[in-house]
Amino acid sequence: MTTRWIATVAAMFAAAAGPVVAGPSVGASATPQQVRVSPGIGWGGCPDDLPRILRCGTLDVPLDHAAPEGPTTTLGVALAQATGTKRGTILVNPGGPGGGGMWLAAAVQRALPADLRASYDIVGVDPRGNGHSSPIQCVDTATFDKAPKPDPVPRTEADKQVLLARARAYAEGCAARAGEMLPHMGTVANARDLEAVRVALGEPKISFIGWSYGTYLGAVYGHLYPQRVDRMILDSIVDPRPEGIWYGVNLGQNIAFQARWRDFTDWAARHHAIVGLGPTPQDVQSAADRVLAGVRAAPAEGLIGPAEVYDMFIGALYDDSGWPGLGRALRTYLDGDPTRLVDLYEPPDAAAANSTAVYSAVECVDGPWPRDWAVWDRDAEALHRTHPILTWSNTWLNAPCRFWPVAPHEQIRVDGHGLPGVLLIQATRDAATPLAGALSMRQALSTSRLVTVTGEGNHGVLVFNATPCVEDFAHAYLRDGTLPATDRVCAAGGEPKPEEGSAG
């Protein structure tokens with residue numbers, strides 16, 4: 001559930017990059033194997049939603065890497081060129097699955113110090129089916145996601161059946177609209193596409209920085225092509241154990257998001273004089289419950305119901321910079337003014353619908369999902385009793401996998417054999433990728449070192465929420481491959497300050 005975070009930071013960096021130059025639109029088994037691609041990438045202008053610093057191109061890759069002479073699909077690729085003498089190329093991926101990577105090349109280059117900007121080309125790829133890479137859609141989002149959406153927390157068995165039918169309709173929509181692509185989606189296919197990009201770039205080895213789902217993608221790429229890895233940084237880390245991909249990983253998120261929600265209620269209570277939701281975490285929870293009850297009874301301005309409010313809660317838990325705005329919106333709603341709450345709502349557009357389609361198309365085939373709805377129901381009911389902030393919303397996001405028209409693919413057990421040293425970075429209170437995942441990745445990759453950021457809960461550390469301590473480790477590693485001798489700990493950067501007057 002990281003596409004919300006990706007959309008937020010992509011918009012932030014696109015805006016910060018200034019005006020863009022319009023360019024042509026970019027077209028839309030698990031054992032190692034050589035990939036066959038068209039030679040080279042012709043660099044030119046970029047689509048008009050990307051920063052002007054980039055050069056862009058396309059690469060045709062086999063739809064099925066096991067049938068290289070068959071149909072192809074097109075990847076959109078973006079380049080932020082090294083400003084000096086190049087020592088290598090870094091591929092970057094922001095996560096998701098469902099996050100496009102072309103914009104990220106500019107963001108990463110801007111965040112690096114001058115000597116590393118001079119030394120590395122930064123290359124971002126929109127994964128297959130995503131963004132500028134032959135994008136797929138599953139539904140007409142204007143109809144399917146029209147606000148207010150159904151309340152994700154079912155009150156009756158009939159409510160569950162309505163939501164289950166909605167999940168079935170989504171899976172059937174994917175089969176109807178993207179059926180040719182669905183058998184060829186998944187993390188192994190994405191990893192082979194990265195290898196195709198490396199070949200097309202003419203690089204004997206490639207470096208990689210991945211966040212969130214991108215950590216799993218990087219680990220799988222490293223498992224399949226360890227001899228092609230120069231340096232690798234994995235930040236905000238998915239648990240790579242195949243037993244949890246992806247049903248178990250999502251259950252873990254439900255628990256971790258509740259802990260992060262408690263961080264928010266604690267913060268709001270400490271700043272009650274400004275936020276105005278109550279002096280105890282229980283008071284803040286009560287205020288949130290009253291907002292949910294209010295929009296359940298009468299959607300705010302006909303748009304904002306419980307589903308939309310839960311989405312706002314969940315979105316704010318990816319990055320605490322959203323906490324002051326969320327606190328203001330809840331307070332003013334309770335004071336009789338829904339304007340701020342409505343202003344927080346972001347209507348889904350075609351790009352968001354594409355991200356969700358890719359999310360489902362990858363996660364539903366990367367591993368097995370329960371085919372018996374009773375298993376989902378049992379787990380959701382049990383977790384919701386103590387972890388209600390995410391559980392049912394996350395269940396329905398993933399429920400199309402119960403009906404997915406493509407069987408799950410062979411799974412990967414990442415072992416790190418043959419990999420050079422890998423740098424792992426993890427915030428200890430990250431909800432989207434809990435700490436347990438980083439510990440599992442550390443165990444799986446024997447050559448890795450783990451830098452934990454204690455007390456930090458924002459998702460995505462390097463570039464997005466980095467402290468000098470984290471940057472020192474990352475930049476030293478990119479310069480000369482130096483890893484710390486042992487796992488290390490950095491301190492968090494601090495919590496957001498509430499804005500004066502937000503209590504209304």
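Rules used throughout
Residue positions are given per chain, counting from 1 as you read along its sequence in written order. With the structure being a predicted model, the display of local features is reserved for residues of pLDDT at least 70 and the display and counting of side-chain atom pairs for 80 or more, all residues being used for whole-chain, interface and lining totals. Heavy atoms throughout the structure, all of them, feed into the side-chain values; hydrogens and water do not. The numbering of helices and of strands both runs from the N terminus, where a helix is a DSSP run of H or I of at least 4 residues and a strand a run of E of at least 2. Accessible area is worked out with a 1.4 Å probe on protein chains only. A residue is then buried under 20% of its type maximum, exposed over 50%, and partly exposed in between. Here, residues are in contact when the closest pair of their heavy atoms is within 4.5 Å. At least two DSSP bridges between two strands are needed for those strands to be called paired. Throughout, an axis means a line fitted to C-alpha atoms (over the contacting stretch in the case of helices), and angles, computed between N-to-C directions, take values from 0 to 180 degrees. An angle below 35 degrees is treated as roughly parallel, one above 145 as roughly antiparallel, one from 65 to 115 as roughly perpendicular, and anything else as oblique. Crossing handedness is read from the near helix: turned anticlockwise from the far helix by less than a right angle, it gives a left-handed crossing, and turned clockwise, a right-handed one. For this classification, Asp, Glu, Lys and Arg are treated as charged, while Ala, Val, Leu, Ile, Met, Phe, Trp, Tyr, Cys and Pro are nonpolar and the rest, including Gly, are polar. The salt bridge definition used is simple: a Lys or Arg side-chain nitrogen within 4 Å of an Asp or Glu carboxyl oxygen. Put simply, buried Ala, Val, Leu, Ile, Met, Phe, Trp, Tyr and Cys residues joined by side-chain atoms within 4.5 Å make one nonpolar core. Under the convention used throughout, the expected extent of a helix is 1.5 Å for every residue step, that is, one less than its residue count. A pair of sulfur atoms, both from cysteines and within 2.5 Å, is called a disulfide here.

## Let's talk about the environment of D193
Alright, step 1. Locating D193 in the fold gives a position in helix α6 (residues 187-201).
Alright, step 2. The exposure class assigned to D193 is buried, which follows from its relative accessible area of 4%.
Alright, step 3. In contact with D193, not counting residues within four places along its chain, are V61, H65, L75 and R128.

## Thoughts on the sheet that holds strand β8 (residues 448-454)
Alright, step 1. Reading across the sheet, the 9 strands line up as β1-β2-β4-β3-β5-β6-β7-β8-β9 and stay open at both edges, with mixed pairing between neighbours. The open sheet is flanked by β1 (55-62) and β9 (488-491), the only strands paired with a single partner. Neighbour to neighbour, the strand axes of the sheet diverge by 20° on average, direction disregarded.
Alright, step 2. Where β1 and strand β2 (residues 72-80) come together, 8 bridges link them in antiparallel fashion. Counterpart to T58 in the pairing with β2 is G76.
Alright, step 3. Contacts from helix α7 (residues 213-224) reach β3 (88-93), β5 (206-212) and β6 (229-237), with the element oriented near 145° to β5.
Alright, step 4. Packing against the sheet, helix α17 (residues 435-444) makes contact with β6, β7 (422-427) and β8, and its axis sits at approximately 165° to β8.

## Some thoughts on the packing of helix α10 (residues 281-297) against helix α12 (residues 323-334)
Packed helices, taken two at a time, are described by the angle between their axes plus the distance between the axes.
Alright, step 1. Closest axis-to-axis distance for the α10/α12 pair is 10 Å, and the angle between their directions is 60°. By the angle class used here, α10 and α12 are oblique. In the crossing of α10 with α12, the sense of the turn from one axis to the other is left-handed. Two secondary-structure elements touch here, α10 through A287, R290, V291, G294 and V295 and α12 through L330, Y333 and L334.
Alright, step 2. Looking at the contact of α10 with α12 residue by residue, the class counts come to 6 nonpolar, 1 polar and 1 charged.

## Things to note about the pattern of salt bridges
Alright, step 1. This model, assessed by the stated rule, comprises 23 salt bridges.
Alright, step 2. Note that D335 is salt-bridged to R331, the shortest N-O span being 3.0 Å.
Alright, step 3. Within this structure, R260, D263, D320 and R429 form a network of salt bridges that share partners.

## Topic: the nonpolar core
Alright, step 1. If you look at the biggest cluster of nonpolar residues, it comprises 114 residues, and the most contacted ones within it are L234, F257, F264, F313, L341 and W404.
Alright, step 2. The biggest single contributor to this core is helix α8 (residues 247-270), with 9 residues.
Alright, step 3. When neighbours within four sequence positions are excluded, F313 is seen to be in contact with W261, A288, L292, L326, L330 and I389.
Alright, step 4. With 37 residues, the next largest nonpolar core counts C56, A80, A105 and W211 among its residues.

## Brief notes about α12
Alright, step 1. Under the 1.5 Å per step criterion, the end-to-end length of α12 is 17 Å for 12 residues, consistent within 8% with the ideal 16 Å.
Alright, step 2. Listing the buried residues of α12 in full gives W323, P324, G325, L326, G327, R328, A329, L330, R331, T332 and Y333.
Alright, step 3. The inward-facing, buried residues of α12 abut α8, α9 (272-275), α10, α11 (306-316) and α13 (339-344).
Alright, step 4. Downstream of α12 by a residue or two, G336 has a phi angle that is positive, lying close to 100°.

## Describing the state of the cysteines
Such a bond, covalent and formed between the sulfur atoms of two cysteines, is termed a disulfide.
Alright, step 1. Here the structure, examined in full by the defined rule, presents 4 disulfides.
Alright, step 2. Two residues, C138 and C174, share a disulfide whose sulfurs are 2.0 Å apart. Residues C138 and C174 are joined by a disulfide whose S-S torsion is about 105°; by sign, that bridge is right-handed. Of this pair, C138 sits in the loop between β4 (120-126) and α4 (141-144) while C174 sits in helix α5 (residues 157-178), placing them 36 residues apart in sequence.
Alright, step 3. A relative accessible area of 2% means that C138 is categorised as buried.
Alright, step 4. The exposure class of C174 is buried, given its relative accessible area of 0%.
Alright, step 5. Here C364 connects covalently by a disulfide to C401, the sulfurs 1.9 Å from one another.

## So, the side chain of S207
Alright, step 1. Looking at where S207 falls in the secondary structure, it is placed in strand β5.
Alright, step 2. Beyond its immediate sequence surroundings of up to four residues, S207 is in contact with T89, I90, L91, Y120, D230 and R231.

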